[in-house]
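The chain contents come next:
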Amino acid sequence: MPMLQLQDFNEKLSKSFRPWQRSFEFWVRAADIYTGYKICQFRVKFVKGAEKQEAMWEAQHELAAEKIYSLCSELGGFFLKVLDGFSSIRCFSHTAQIIGKPDLAPAAWVRRLVTLCDRAPATSFESVQVVLKQELGRNVDELFEIFDPDPVGSASIAQVHRARIRGGAIDVAVKVQHPGVQELMMTDIHNLHAFALFLQNTDIKFDLLSVTKEIEKQVGFEFDFLREAEAMERIQQFFSGNNKKGLPVLVPRVIPNLVTRRVLVMDFIEGTPILNLGDEMAKRGINPGGKMAALAKQNILNSLTLAYGQMIFKSGFFHADPHPGNILICKNSEVALLDYGQVKHLPDKLRLGCANLILAIADNDPLGVEQSYWELGIETLSSCANEQQEMLKLAQAMFDTKLPPGVTVASPFSEESSIKKIAVRNFPEELFFVLRTVQLLRGLGVGLGINYSCAEKWRPLAEEALLAAGRLKGHNQSSQRRLPRWFHWPRRNSERGGALHVRGRPSTKSTFLER
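Residues numbered from 1 in each chain as written. Predicted model: local features only at pLDDT ≥ 70, side-chain atom pairs only at ≥ 80, totals over all residues. Heavy atoms only, no water.

**Student:** What should I look at first to understand the pattern of salt bridges in this one?
**Tutor:** Oppositely charged side chains can form a pair if their charged atoms are brought close together. Going through the model one piece at a time under the given rule, you end up with 18 salt bridges. Across the pair Lys67 and Asp32 runs a salt bridge whose closest N-O atoms are separated by 3.0 Å. Placement of Lys67 in helix H2 (residues 50-75) and of Asp32 in helix H1 (residues 3-44) is noted, with a sequence separation of 35 residues between them. Overall, Lys67 belongs to the partly exposed group, its relative accessible area being 28%. Given a relative accessible area of 38%, Asp32 falls into the partly exposed group. A salt bridge links Glu228 to Lys175; the nearest nitrogen and oxygen atoms lie 3.0 Å apart. One end of the pair, Glu228, is in helix H10 (residues 225-242); the other, Lys175, is in strand E4 (residues 172-177), with 53 residues separating them in the sequence. Lys175 carries the same exposure label as Glu228, and that label is buried. (Salt bridge = Lys/Arg side-chain N within 4 Å of Asp/Glu carboxyl O. Helix = DSSP H or I, 4+ residues; strand = E, 2+ residues; numbered from the N terminus. Buried < 20%, exposed > 50% of the residue type's maximum accessible area, 1.4 Å probe, protein only.)

As structure tokens, then:
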């Protein structure tokens, strides 16, 4: 066999075995991390004293953090993408502005993993030139007067270059997809899907299967930049039509005729990444811990929270990836929201159901939360006497940026966790990105040193959405919410002795009681 043909054969053989090798490496490492936690969980039972137990868990978190770091840095791909949430904790960490423990993750994980968030490997300029030629039909020099070969930023799916179109007056951002990344990421997601099913059947009493299905679907969409461009234009038009006094966030403008499935050219927005805000303030002589900085942070968080409330409750179509890498701070504390690869459309039923849930959380109303869970199709399994209060705590932990009292870190192994007491048997796939958005907003709040409730901020928007749909006859009617007559079943066994009780939908076709 000629040498050239032999090389081609070896390359094809290597590629065909790459997903199997990647899967093997993932499962070996995941099993090692999981086993370490199970051994620690067993050993803790024989140790007396909360401080000693906490020290054991902290040591385990440190060990696991190193192993997760190695897994993510060496395999890359989707495993770098899942670290986006950790980057929200990093904001202002060097100026000690993080209040309390990190948000819903072991501190050791956050300290170790945030260093990976800006390290997605970049595609070479030569490969970028090939992709641009294939997608746009012309060489880089023919299309652009200026093109910076060094990317402004590189993420798990694509990287962005700053450039200027020939004959243009302003700079543009050229987003180019990494060659061959889709196959690797789909392999990672399939492995995650299987591991989530294992965890769901062992330790984490949550419908992780639906969550990973939604992740798989949405990540698949991210490889189509034509879809992303349409989403960007749709959200920009929505904000323009609903904010006559100015947009809550800036949205880049798509450059016509320069968009394909793998290339997206848009306006380049000047600004400071939110992760670097503390450094930028210090450069300008502003104390990052002072009153002026606190006001600026509050304005930034208010703008983002308002933007997401409007998208979710007014439109139902929203940007679903508010991690810090996608947020720029511009002049006068204006906020720019980047990267529209992950967007989500909520059907009216779920949009209004979320509005009901937000009102119940804002009103601290356990009965309202129970009703809203039913309306949204969230099915739970309970074994505790104070089921409604635990369900409220679970809703606050999942769908509000302000954590319930006493909750700092969520651990599926803790017997005090609401997820242990209220198992989520069914979680609608469409709701995952609402949950993820709230969690990332919470992370931003923690990073900015602001403990706030998005449910309280969103209350007027939720009420407005329900009023427009004829579901709320007047404002502030939370005290008048009642279950439908057929919804009042007999006292539950769980209230008489702790037996399991499944919360699900009744078979009747009656409609849910309007608020």
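**Student:** What is the right way to read the environment of Tyr340 from this model?
**Tutor:** By the secondary structure assignment, Tyr340 is in the loop between strand E10 (335-337) and strand E11 (343-345). Here Tyr340 falls in the buried class, since its relative accessible area comes to 0%. With 105 residues separating them along the chain, Tyr340 and Ile235 place their C-alpha atoms 9.3 Å apart. In this structure Tyr340 touches Glu228, Ala231, Met232, Ile235, Leu250, Val251, Pro252 and His319, once residues within four positions along its chain are discounted. At 2.8 Å, the side chain of Tyr340 and the backbone oxygen of Leu337 are in polar contact. (Contact = heavy atoms within 4.5 Å. Polar contact = N/O pair within 3.5 Å; in protein donor to acceptor, adjacent residues only side chain to side chain.)

**Student:** Hey, could you run me through empty space enclosed by the protein in this one?
**Tutor:** A probe as big as a water molecule, rolled over the atoms, marks out the empty space that is left. Overall, the coordinates contain 2 cavities of 30 Å³ or more when judged by the stated rule. Space inside the largest cavity adds up to approximately 60 Å³. If you trace the largest cavity, you find it lined by Ile312, Phe313, Cys354, Leu357, Ile358, Phe399, Val434, Val438 and Trp458. Looking at the lining of the largest cavity, the elements that each hand over two or more residues are helix H12 (291-315), helix H13 (348-362) and helix H17 (432-448). (1 Å grid on protein atoms, 1.4 Å probe; cavity = no way out; pocket = protein on both sides within 12 Å on 5 of 7 lines; lining within 4 Å. Points joined across faces, edges and corners; volume = space filled by probe spheres on them.)

**Student:** Help me understand helix H8 (residues 181-200), please; the structure alone is not making it clear to me.
**Tutor:** One turn of an α-helix holds 3.6 residues; hence residues three or four places apart share an orientation. For H8, which comprises 20 residues, the first-to-last C-alpha distance of 28 Å matches the rise-based estimate of 28 Å (1.5 Å per residue) to within 8%. Looking only at H8, the buried set comprises Val181, Leu184, Met185, Met186, Thr187, Asp188, Ile189, Asn191, Phe195, Ala196, Leu199 and Gln200. (Expected span 1.5 Å × (residues − 1).)

**Student:** What am I meant to see in the packing of H8 against helix H9 (residues 208-221) here?
**Tutor:** The description of two packed helices rests on the angle between their axes and on the distance between the axes. The geometry of H8 relative to H9 is characterised by a closest axis approach of 8 Å and an angle of 170° between their N-to-C directions. Between H8 and H9, the angle is such that the two are roughly antiparallel. Residues Met185, Met186, Ile189, His190, Leu192, His193, Ala196, Leu197, Leu199 and Gln200 of H8 lie in contact with H9, whose contacting residues are Leu208, Leu209, Thr212, Lys213, Glu216, Val219 and Gly220. Residues of the contact of H8 with H9, tallied by class, amount to 10 nonpolar, 5 polar and 2 charged. (Axes fitted to C-alpha atoms, helices over the stretch in contact; angles between N-to-C directions. Parallel < 35°, antiparallel > 145°, perpendicular 65-115°, else oblique. Nonpolar A, V, L, I, M, F, W, Y, C, P; charged D, E, K, R; others polar.)

**Student:** I would appreciate a short explanation of the pairing of strand E5 (residues 254-259) in the present structure.
**Tutor:** In the case of a regular strand, side chains alternate between the two sheet surfaces. As judged from the 2 bridges shared by E5 and strand E6 (residues 263-267), these two strands associate in the antiparallel manner. Following the sheet pairing, Val254 is matched in E6 by Met266. Connecting E5 to the antiparallel partner E6 that follows it, the hairpin turn spans 3 residues. (Pairing = 2+ DSSP bridges.)

**Student:** I would appreciate a short explanation of the nonpolar core in the present structure.
**Tutor:** One broad rule of soluble globular proteins: the nonpolar side chains tend to lie buried together. In this structure, Tyr373, Phe399, Phe427 and Trp458 are the most contacted members of the largest nonpolar core, which totals 111 residues. Beyond its immediate chain neighbours, meaning those up to four positions away, Phe427 contacts Phe206, Asp207, Ser210, Val211, Ile378, Met398, Phe399, Phe432 and Leu435. Residues Val140, Phe144, Val174 and Val265 belong to the second largest nonpolar core, which totals 16 residues. (Core = buried A, V, L, I, M, F, W, Y, C linked by side-chain atoms within 4.5 Å.)

**Student:** Please explain unusual backbone geometry as it appears in this structure.
**Tutor:** Trans peptide bonds make up the majority, and among non-glycine residues the majority have a negative phi. Of note in this structure, Asp339 is not a glycine but carries a positive phi near 65°. With respect to the helices, strands and loops of the structure, Asp339 is situated in the loop between E10 and E11. The backbone phi angle of Asn364 is positive, close to 55°, even though this residue is not glycine. Positionally, Asn364 belongs in the loop between H13 and helix H14 (366-376).

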